[in-house]
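Summary of the model geometry
Single-letter residue listing:
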Amino acid sequence: QVQAVESGGGLVQAGGSLRLSCAASGTIFSISAMGWYRQAPGKQLELVAQISESGSTNYADAVQDRFTISRDNVANKVFLQMNSLKAEDTGVYYCHMDSLDRGTYKYLEVWGQGTLVTVSS
């Protein structure tokens, strides 16, 4: 079974930066897409950024040009560099990945437990 564990959240002033990390552990055969989602207080879960196995990326309009997603396929990690943070970036950030289940040869969704990012204005 694959697990994902995030780290790097915290409190930062507006305009500052944070770097989130997520490490996958367990019996890993293949991980395709990896990404970050967030849930702001009182709002729905939304996609922040996603990266394919080959490195193609896509971002939510709200974070374009401020956030950068990257991954380490050897270490099975995904990162989110967040710059020029705004108060509206506050929320719980969740790591997400699609991990191959060798029993069924299907990709299963794996979610981290979430890490809180608070941006003070």
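Right, let's walk through the structure included here. (Residues numbered from 1 in each chain as written. Predicted model: local features only at pLDDT ≥ 70, side-chain atom pairs only at ≥ 80, totals over all residues. Heavy atoms only, no water.)

Overview of the overall build of the chain
Under the convention used in this document: Under the scheme used here, helices are H or I runs from DSSP no shorter than 4 residues and strands are E runs no shorter than 2 residues, and both carry numbers assigned from the N terminus. The reference for a compact globule is 2.2 Å times residues^0.38; the radius of gyration itself is calculated from the C-alpha atoms. Note on classification: 1.4 Å probe, protein chains only; a residue is buried when its accessible area is under 20% of the maximum for its type, exposed when over 50%, partly exposed between these limits. Residue burial considers only the protein chains on display, and all accessible areas are found by Shrake-Rupley using a 1.4 Å probe. For this count, His and the chain ends are skipped, Lys and Arg are scored as positive, and Asp and Glu as negative. Charge coordinates come from a single atom per side chain, which is NZ of Lys, CZ of Arg, CG of Asp or CD of Glu.
In terms of helices and strands, the chain carries zero helices and eleven strands. Written out in order from the N terminus, the α and β elements of the chain read β-β-β-β-β-β-β-β-β-β-β. The C-alpha atoms of the chain give a radius of gyration of 14 Å, which matches the 14 Å a tight globule of 121 residues would have. With the C-alpha coordinates of the chain rotated into their principal frame, the extents come out at 50 × 25 × 25 Å. In the chain, which comprises 121 residues, the share counted as buried stands at 42%. By element, 47% of the accessible surface of the chain is carried by carbon and sulfur atoms, the whole surface being about 6500 Å². Between the centroid of the 9 positive side chains of the chain and the centroid of its 11 negative side chains there is a distance of 2 Å.

Considerations on the state of the cysteines
What counts, and what does not: In this description, a disulfide is simply a cysteine sulfur pair whose atoms lie within 2.5 Å.
Counted by the stated rule, this structure contains one disulfide. Two residues, cysteine 22 and cysteine 95, share a disulfide whose sulfurs are 2.1 Å apart. With the S-S bond torsion at -80°, the cross-link from cysteine 22 to cysteine 95 turns out left-handed. Highlighted residues: cysteine 22 in strand β3 (residues 18–25) and cysteine 95 in strand β9 (residues 91–101), separated in sequence by 73 residues. Considered together, cysteine 22 and cysteine 95 belong to a single accessibility category, that of buried residues.

Topic: the nonpolar core
Applied cut-off: Only buried Ala, Val, Leu, Ile, Met, Phe, Trp, Tyr and Cys residues count toward a nonpolar core, and they belong to the same one when joined by side-chain atoms within 4.5 Å. Working rule for contacts: check all heavy atoms of both residues, and any pair within 4.5 Å makes them a contact.
If you look at the biggest cluster of nonpolar residues, it comprises 27 residues, and the most contacted ones within it are Trp36, Leu80, Met82, Tyr93 and Met97. For this core, the secondary-structure elements that each account for two or more residues are β3, β4 (31–39), β5 (45–51), β7 (67–72), β8 (77–82), β9 and β11 (115–120). Looking at this core, the element that brings in the most residues is β3, giving four residues. In contact with tyrosine 93, other than residues within four places in its own chain, are Glu6, Leu20, Trp36, Tyr37, Arg38, Val48, Phe67, Leu80, Met82, Gly114, Thr115 and Val117.

Note that every value here comes from positions in space, so none of it alone points to a role or purpose.
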